Structure formats: structure tokens, C-alpha cells
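Coordinates in review
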Protein chains: 2
Amino acid sequence: MLDNPNSDYRILTLADLPAYLAGLPDIAAMLGGGTADWRCEDVADGNLNSVFLVDGPAGGLCVKQALPYVRVAGESWPMDVRRAFFEVSYARRMAPFVGSLAPAIHHFDAAQFIIVMEKLAPHIILRSALIAGAHHPRVPVDVADYIAAASFHTSDLAAPFETKAADQALFAGNIGLQRISVDLVFTDPYVIHERNRVTVPLAGWAAAFRADIDLKEAVTRARLAYLTHAQSLLHGDLHSGSIMVTATETRVIDGEFALIGPSGFDIGNFIAHYVMAWFAKPFHGSGPAETARFRDLLAADILVFWQRFEAQFLAHWRGFAGAADGLPASHFADPVAAARAETMRRSYVADLFRDAVMFMACKIIRRVLGFAQIADFLVIPDEVVRAQAQAAALAFARSVLLHPARYGDIAAVVAAMPRFEGAGLDPAPTRLL
Amino acid sequence: MLDNPNSDYRILTLADLPAYLAGLPDIAAMLGGGTADWRCEDVADGNLNSVFLVDGPAGGLCVKQALPYVRVAGESWPMDVRRAFFEVSYARRMAPFVGSLAPAIHHFDAAQFIIVMEKLAPHIILRSALIAGAHHPRVPVDVADYIAAASFHTSDLAAPFETKAADQALFAGNIGLQRISVDLVFTDPYVIHERNRVTVPLAGWAAAFRADIDLKEAVTRARLAYLTHAQSLLHGDLHSGSIMVTATETRVIDGEFALIGPSGFDIGNFIAHYVMAWFAKPFHGSGPAETARFRDLLAADILVFWQRFEAQFLAHWRGFAGAADGLPASHFADPVAAARAETMRRSYVADLFRDAVMFMACKIIRRVLGFAQIADFLVIPDEVVRAQAQAAALAFARSVLLHPARYGDIAAVVAAMPRFEGAGLDPAPTRLL
């Protein structure tokens, strides 16, 4: 299934790219013309991989290669190139469920760990749009549809258990990137670690989180849920940097963190980045009126996203007529039992919500106190101002983890955000917020 | 890893056995002498496989072959022979943790799916001992030690998550026997199914269970936990028919149902069979005094088993000093945090107990209303008497599933059993017991 990653692997450079693509007749035909006609560009801006865009007379393509180390960290942090295999496996598994909400995969080179896929243009990264204050109302609906379809159809609710077992057997091999998630999301932010990139004025918050045993207990529950709740096939890194948008199109990209895990993880990750965009917004240079307007839109997006997810997930389930082991149709056939099945569906979705809110909070904390910082905050030039925006997000996340009963529905989550705005650089006063 | 099961596979007969063993020099040496000196016996009494015992001048061996169908059902029910590969993989994974509590594996033939292992003599099947009224006080302690070591050391509490991921990748392939568990434990007993072998006088109970939507909701929770809670490597079929005993030794055998699943499953399965032995005891021919004495011992065994499991599991955890992802030591280093870690360990074990009690009830029901009936009840010759014993077990199991809060500790579980003795053949009066 996997070639030995050490055999023929070599890093593809911008200079080598045309010759490489010319060796793939179907791909060359999609570009049209010959190598002299192709314009190639290095556009890597994620943390892990090489990414090139290529344009020819007949069309454009995106070429992505997994590097044997973490690109932003350099060769001192090695990383298994087979993650490209898992990204392609994930994309192929998703395709029937999510259609055009993910880019088309045209070619996978299993020796070089290179993926050739649809070039997304004029799509931009959702994170950039959020920072620029450009609202994309389709995105929460589209991403809700994506996650609802993925998390229903790859679960035991939608298939005989053998289907998920096959996914489990395959994606259990994707340990290189799971190691990143386990360390960077669930462990490092709560200890002193050289990888953590904490803004200096947030030192008090970081120390408070390291000492907060209630918080670490809550995070342990989240980590154990991540490690042991094998509910559905997840994207595993579904944030605003993994979504490309135009006014009319949404594409979820970069599924290399794919794993079988708790369905609430992708949901919470997506919400977390809207929450952080909301906390960062006042410091992105727009005036108070525009800030208020855009924040209202972000808050509405979060509500729309969850409501759409819930409706779509339930619609998939109610409409499902195939064989599945999770809730066997034979047990819930008569009208009374069918009514109870509906109660159980709603209870299942309520569990997903609780998980999602828990993971949302973990995702906020790791983006502020951990290694992989996000541009939403990094573009704020003044370190103290940036830390104040981040502290508000931290205070919110801490409250969510310590007091989950206060966040029993999506309206409560959204309504609570403004209360944490003035949290400030001293973590103590907001302890019980 | 797995040979094509269709290539060279042939069913080994008693007549072929000596020549087969003679072709394995190390095995032949263990027997001593030559084929003419070996005494071979067909002793299959499980549901699935061929089992032979072989004695030679130098020693004895057990030879087990996976048949391409369910032995007790015949060729009409095909079954993947690769289960022998999973049995051996499970045994090898357990060996460092459970030592002599499992038989030694001497040889695995990956083409014929034959396992040659330690012959257990004069061990008898625990179920036979329970039916005969022969008490084995070591068994609950030994099995508790076995499950405690297995469920701790193969979990994320005792290793970096990559270890469980490797187990997951392997055992996710063991779908043939998982299909049996999913169908026979969690589905068939609650529907009309040709495989179900319900005693005629229990027809009322079977109908009541098929119509009981509260019960089916509880069973759905159990089934989803079985399918999605990837906590540790389980034996998967750990009942009194999978344990061989002498007065001084306990051996857990037959790990072919192995899976990554909820740790409470094996615990609940073991308890379930002591509970059923307890309900069956009055009809095994001993007088009232002996019945009372043996039942008291069985009840004590259940208490001892759980208390020993809890103590040993916690001891493994408290004494663990290696790297693990479940509860990272770095988060719980200082004295206050260490005290909290202890609270969390107890909470984890309390969750295992709740799961165990739930699975115990499911296991009782499947042995009464499903396909694989057990000798504890089958040896009761009078069908009505047998049904009354089974009805009491069913009433108890139903109460456990419908009212879990009443069964908050092992003493409550044991203390409740006598209340269901007179349940009778009409399921209605005990509805709210």
C-alpha cells in the first residue's frame, strides 16, 4: 500500500516541477502546451508542505508535496511524508459525500508523496478573508454540510461496522500527524515547552493555565475523548486556514491529519477559529462601527453553522434507509419505537455539541499558548494589544472548559463571548467568569 | 501479514494430525518419540474451531484449527479462518502482561490457521466447574489480575498513543468475529431471528424484550460504546467457557474475538457468567444447603473479582512511570495535581464499572434469548424449570439496564440478585423491579 518512503523520495523544487509534470501525460494534457508554456509558482504558506501552482494554456493545477520535516520548523523536526498518502485516502473517502466542497484530486505519486489537484482560483484562504473583514455567508452553511455529511456517513450510524473498521485499519497508520495534535493541542500549552510561542505579556496567563488543575482535568477528558472515541472519520485540522473561499464556493483542503475520532472535534475546531476572529476583530484596523457589524456577522455565522450542522446531520440520519449497526432499524421499526429513535438522534447530536464546545476551547488555547499561532492574532502589531485580545479568548475558553453547563446551546456560547472582552493580562480576576 | 486463506488451506483431521505434527521438528521434539507413540484426541467443544489434544512420551500439546465455518452451525454459516491469526496476535500481545495466566503458544501455521499451544491438563473449563459446584477461589483473583493488566497496559494510560494505534490497525481486521458479537450480543436477542434459540416457555419474555423500547435504547448505548469506545485491547469473549482451571492455576484461552474496545466489556462478560451460574445453581441437583453455600461463594467471587480488579488496575496506574498520552505526567507533577490525578483515576475506574454492569446485562440477555446458549442453563432438563431460572436472570439484566443508578457499586449488584429469583414466566409483574 505504501512505498518505502526512503527509496526514491526526493524533494521537488520549483525548477524540477515542469519536467516532473511533463512525465505525467494526463496531467500535462490538463495544462496544455509544453513545459515552456507553464508558469510555476511556489505558494507554500501552511506549516508542513511544499505547494506549487502551475498554469498552462489549457488550465491550472496545484501540486503539493509532503516534506520529510515540518516546513516552518525546518529539518530539526522530522515528519513522515506518508501523510500525503493519508490526505489522498481521506479525500477519496470524502468525495462521494462532500462533492465540490473539496478540491478534485487528479494524481497521487506514492513514491514522491506528491498530490496533483484542482487549482483553486480565485479562492482565498478563509482566514485571510476573516482578517480582511470580508464576510462569506456561504461558508458556515457549506462547512456545516461538509462536516454533517462526513461525520454521519463515515460513522456506524450509516454503515455496517466493517466500513469504519476498514477506515480504522487504514487511518490508524497516520500517527505522524496525530502526534502533532496530541502534543500541540492537548499537552504542550499546559507545560513549559520550548515549542510554545507565548506572547511575553501573556506569561501570567500561561503560568495560570499550567497551575490550573481543574482546567487540566477538563483537558484530560478532552484528550481521552480524542484518543478513544472512534466515532467517524475526521478531517482533523478543519480550521479557517484549511478552507478556501470565493463569494460562491467553499473548498475544504488539507486533510492530512485525518483520523477516526470524535465527530465533535472538527465541529469545535471550525467554531474556535470564528471565535478567535471575533476576539481579534477590534484590532484589525477597522473603526468601531465596522468592528461591531463584522462581529455580529461572525456571531451569526457561528449560530448558522451549528444550526445547519444539526439540521443536516439529523436529515442524513432520518433519511438513511441502508444497513447500519449503530442504531439497527430492526429495533426501532414500529411507530412508538420510531419516535424513540428520534429522541435518541437528538440526544446523539446533543452529545456532539458538548464535545464540540469542549474541543473548541482546547483549540483556542493551543492557538494562543502553543506552537502554531494564527495570523488573526499575529497581525496585531502591538504585543500588549495582541495579548489582550488573546487573553479574552483564553478567558472564554477557560470558562467553557470549567463550566460546561453554562454553555448548553450555541446561543449561550455566542452570547457569552462579549463578557470576556475585558479579561486583561492578569488571569486572576476573571477566574470565575 | 496474512496468507490468502483460500490458497493451501485444508481442514486437518484426526487421522492427518500425527503426520502434520511430525513435519514440525520443534513440536515433534516436544512430544518426543514418533508418530506411532502419539495419542491424539478430538476434544472440540467450543462453537467455532477444531481442537485436538496430543500426548507423546515427552509431553502433551493442544492443536487448534480455525474452520471456515461456525463449527456448531455447520457450513451454512461461513467464518473467516484468519481469526486464528488474531487469536495468536492477541496472545502474543498479552504475554508480557499476563504471564502464566494464558497458555504458552508454541507454533502458528499462517497458511493452515493452526495454533499449537500448551496442553492444559488437568485443567477443566471453568463453566464445568461452576455447574459441578466445584469452587475455585483463585479464579476471580486471577481473572481480575488478567483483565487489570491487559486493560491498563494496552490503553493510552500506559503507552504513547502510537502503541494502541498499531493494535487498532491490526485488530480492526478481525471483523469476522466482531460481526458475531455485534449481531448475537447486541441485535438478535431483541428481534425475531431464526438463529435465536429461545426456550418455548420464555416466549413471553422474548416478546416483552422485543417490545421494550427503554431496554432497546439502553442496549443501543451499549452497542455504540462497544463500536466506538476504543479504550484497550480486549479478549472479547471472556466468559467461564474461555477459562480453564485447576485448584492452583487459571488460564484464559480463546482470544480470537480480540478487538480494541471498551475495557468494561471483558469485565462485564466475566461477571455475567457468575451471575448466570448463581441463577442456575438451584437446578443443578444439589440440596438447599449446598445450593445456598455455593451461591454465597459465587456472590463472594463476584465481589472479590471486582475489588481485586479495581485495586490492581489502580496499582498498575499509580505505579506507572513510563511515557503515556492518556494522562500526561507533566500535567500532574506537583503534589496538588498528583492528588487530583488520583481522583481522576478513581473516576476512570468508576466509569469502567458502569460500563461493565451495562455489558454484563447485555451478555446475560444474549445467552438466554440468543443463539449461543450456555450449559449452565441447558443442563436443566425440565424446560419450564430451566425457563424459570433464565427468566430470573433476564429480569435482573433488564433491571440493570433500565435502572443503572440502582447498581452503583458491586455490592448493590450482588445484593439485588435474590430479588429476581421468583420472576416467573410472565415478564409483566417484575417490570419495575
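Definitions and cut-offs
Residues numbered from 1 in each chain as written. Chains lettered and ligands numbered in written order. Predicted model: local features only at pLDDT ≥ 70, side-chain atom pairs only at ≥ 80, totals over all residues. Heavy atoms only, no water. Helix = DSSP H or I, 4+ residues; strand = E, 2+ residues; numbered from the N terminus. Rg over C-alpha atoms; globule rule 2.2 N^0.38 Å. Buried < 20%, exposed > 50% of the residue type's maximum accessible area, 1.4 Å probe, protein only. Contact = heavy atoms within 4.5 Å. Areas by Shrake-Rupley, 256 points an atom, 1.4 Å probe, with all protein chains shown as cover. Lys, Arg positive; Asp, Glu negative; His and termini not counted. Charge placed at Lys NZ, Arg CZ, Asp CG, Glu CD. Pairing = 2+ DSSP bridges. Axes fitted to C-alpha atoms, helices over the stretch in contact; angles between N-to-C directions. Least-squares fit on C-alpha atoms with pLDDT ≥ 70 in both. Salt bridge = Lys/Arg side-chain N within 4 Å of Asp/Glu carboxyl O. Buried area = accessible area lost by both parts, 1.4 Å probe. Nonpolar A, V, L, I, M, F, W, Y, C, P; charged D, E, K, R; others polar. Domains from an automatic or database assignment. Phe/Tyr/Trp six-rings, centres within 6.5 Å; stacked < 30°, edge-to-face > 60°. Lys NZ or Arg CZ within 6 Å of the ring centre and 35° of its normal. Parallel < 35°, antiparallel > 145°, perpendicular 65-115°, else oblique. Left-handed = near helix turned anticlockwise from the far one by under 90°. Expected span 1.5 Å × (residues − 1).

Glancing now at the overall build of chain A. Each helix and strand in chain A was counted, giving 15 helices and 12 strands. The C-alpha atoms of chain A give 22 Å as radius of gyration, which agrees with the globular expectation for 433 residues (22 Å, within 12%). Judged by the C-alpha coordinates and their principal axes, chain A covers about 65 × 65 × 40 Å. In chain A, which comprises 433 residues, the proportion classed as buried is 60%. The contacts of chain A with a sequence gap of at least 6 include a subset with a gap of at least 24, amounting to 75%. In the structure as shown, chain A presents an accessible area of about 15,400 Å², 56% of it carried by carbon and sulfur atoms. The average position of the 37 basic charges and that of the 45 acidic charges among the side chains of chain A differ by 5 Å.

So, on to the side chain of A:Ser263. All names here are of chain A. Considering the arrangement of structural elements, one finds Ser 263 in the loop between β12 (259-261) and α10 (264-280). Owing to a relative accessible area of 1%, Ser 263 belongs among the buried residues under this scheme. Once residues lying within four places of it in the same chain are set aside, the contact partners of Ser 263 are Ser 151, Gln 231, Ser 232, Leu 234 and Leu 352.

Right, let's get into the sheet that holds strand β11 (residues 250-252) of chain B. Residues and elements named next belong to chain B. Strand order in the open sheet formed by 3 strands is β8-β10-β11, with antiparallel pairing between adjacent strands. Of all strands in the sheet, those with a lone pairing partner are β8 (124-125) and β11, marking the two edges. Of the pairings in the sheet, the one linking β8 to strand β10 (residues 243-245) comprises 2 bridges and is antiparallel in character. Bridge pairing links Ile 125 to Met 244 in β10. Sitting on the sheet, helix α5 (residues 138-153) touches β10 and β11, and the angle it makes with β11 is about 40°.

Quick look at the environment of B:Pro160 now. Here B:Pro160 lies in the loop between α5 and α6 (161-171). Residue B:Pro160 is classed as partly exposed on the basis of its relative accessible area of 32%. With residues up to four places along the chain from it excluded, the contact list for B:Pro160 reads A:Arg179, B:Ala323, B:Ala324 and B:Asp325.

Right, let's talk about the relation of the copies chain B and chain A for a bit. Mapping chain B onto chain A leaves a residual RMSD of 0.0 Å; the transformation is a rotation of 180° accompanied by 0.0 Å of translation along its axis. The transformation relating the two chain copies, once decomposed into turn and shift, fits a two-fold axis. Using C-alpha coordinates, one finds that chain B approaches the rotation axis most closely at B:Ala169, a distance of 2.0 Å. When the interface residues of chain B are mapped onto chain A, 100% of them again fall at the interface, so both copies present the same face.

According to the stated counting rule, one finds 58 salt bridges over all chains in the structure shown. B:Arg345 is the partner of B:Glu342 in a salt bridge, and the nearest nitrogen-oxygen pair spans 2.9 Å. Separated by 3 residues within a single helix, B:Glu342 and B:Arg345 lie in helix α12 (residues 335-369), roughly one turn from each other. Of the two residues examined, B:Glu342 and B:Arg345, each falls in the buried class. Taken together, the shared-partner salt bridges connect A:Glu162, A:Asp325, B:Arg179, B:Asp183, B:Asp188 and B:Arg195 into one network.

With 41 residues of chain B at the interface, the matching set in chain A holds 41 residues. For the pair chain B and chain A, the two sides together bury roughly 3,600 Å², of which 63% comes from carbon and sulfur. It is B:Phe161, B:Ile213 and B:His331 that lose the most area in chain B upon contact with chain A, and together they represent 18% of the buried surface on that side. Between B:Glu162 and A:Arg179 there is a salt bridge, with its nearest N and O atoms 2.7 Å apart. For the side of chain B that touches chain A, the elements supplying multiple residues, two or more each, are α6, α7 (175-186), α9 (213-228) and α12 of chain B. Here the side of chain B that touches chain A gets 9 residues from one element, more than from any other, and that element is α9(B). Among the residues forming the side of chain B that touches chain A, the class breakdown is 21 nonpolar, 10 polar and 10 charged.

Quick look at the domain arrangement of chain A now. All names here are of chain A. Under the domain assignment, chain A is made up of domain 1 (17-118) and domain 2 (124-420). Put simply, the middle of domain 1 and the middle of domain 2, counted by C-alpha atoms, are 27 Å apart. Of the residues lining the interface, 23 residues belong to domain 1; the matching set on domain 2 comes to 33 residues. Contact with domain 2 buries surface across domain 1, with Phe 86, Tyr 90 and Leu 101 losing the most and accounting together for 30% of the total. Applying the counting rule to domain 1 against domain 2 returns 4 salt bridges. Of the residues forming the side of domain 1 that touches domain 2, the biggest block, 10 residues, is contributed by helix α3 (residues 83-98). Taken together, the residues of the side of domain 1 that touches domain 2 break down into 13 nonpolar, 4 polar and 6 charged.

Bringing the sheet that holds strand β1 (residues 39-42) of chain B into the picture now. All names here are of chain B. The 5 strands lie next to each other as β1-β2-β3-β7-β6, forming an open sheet whose pairing is antiparallel. Both outer strands of the open sheet, β1 and β6 (105-109), are each paired with one neighbouring strand and no more. For this sheet, the mean inter-axis angle between neighbouring strands, taken without regard to orientation, is 20°. Where strand β3 (residues 60-66) lies against strand β7 (residues 114-118), 5 bridges are found, and the strand directions are antiparallel. Of the residues in β7, the one forming a bridge with Lys 64 is Ile 115. Its contacts with the sheet put helix α3 (residues 83-98) on β2 (49-55), β3, β6 and β7, and the angle it makes with β6 is roughly 150°.

Residue and element names in this part refer to chain A. Where strand β6 (residues 105-109) and strand β7 (residues 114-118) come together, 4 bridges link them in antiparallel fashion. Note on β7: the bridge partner recorded for His 107 is Val 116. Hairpin remark: β6 followed by β7, antiparallel, with 4 residues in the connecting loop; positive phi at Phe 113, about 55°.

With that settled, consider the environment of B:Ala387. Examined against the element boundaries, B:Ala387 turns out to sit in helix α14 (residues 383-402). For B:Ala387, the residues in contact, after removing those within four places along its chain, are B:Thr199, B:Pro201, B:Leu202 and B:Leu425.

Take the packing of aromatic side chains next. The final tally for this structure, using the stated rule, is 52 aromatic pairs over all chains. Taking 6.0 Å as the distance between ring centres and 90° as the angle between the ring planes, the aromatic pair formed by A:Phe313 and A:Trp317 counts as edge-to-face. Here A:Phe313 pairs with A:Trp317, and both are found in helix α11 (residues 288-319), just 4 residues apart, close to one helical turn. When its relative accessible area of 0% is taken as the criterion, A:Phe313 is described as buried. Feature note: the residues A:Phe152, A:Trp306, A:Phe309, A:Phe313, A:Trp317, A:Phe320, A:Tyr348 and A:Phe353 constitute an aromatic cluster, connected by ring pairs. Here the basic side chain of B:Lys281 rests over the ring of B:Phe294, its NZ or CZ set 4.5 Å away from the ring centre.

This part covers the packing of helix α7 (residues 175-186) of chain A against helix α12 (residues 335-369) of chain A. Residue and element names in this part refer to chain A. It is at 8 Å that the axes of α7 and α12 come closest, and there the two elements cross at 80°. Relative to α12, α7 is oriented roughly perpendicular. Along the contact surface, α7 presents Leu 184, Val 185 and Phe 186, while α12 presents Phe 359, Cys 362, Lys 363 and Arg 366. Looking at the contact of α7 with α12, its residues break down into 5 nonpolar, no polar and 2 charged.

The next subject is the packing of helix α5 (residues 138-153) of chain A against α10(A). Residues and elements named next belong to chain A. In the contact formed by α5 and α10, the axes pass within 10 Å of each other and the chain directions differ by 165°. Here α10 runs roughly antiparallel to α5, going by the angle between their axes. The way α5 lies across α10 gives a crossing that is right-handed. Where α5 abuts α10, its residues Val 139, Pro 140, Val 143 and Ile 147 lie against Asp 266, Ile 267, Phe 270 and Tyr 274. Here the contact of α5 with α10 is built from residues that sort into 7 nonpolar, no polar and 1 charged.

Moving on: α7(A). Along an α-helix, residues three or four positions apart point the same way, because every turn accommodates 3.6 residues. Residues and elements named next belong to chain A. Given a rise of 1.5 Å per residue, 12 residues ought to cover 16 Å, and the 15 Å separating the end C-alpha atoms of α7 matches this to within 8%. Most of α7 sits inside the fold, with 9 of its 12 residues counted as buried. Of the positions making up α7, those classed as buried are Leu 177, Gln 178, Ile 180, Ser 181, Val 182, Asp 183, Leu 184, Val 185 and Phe 186.

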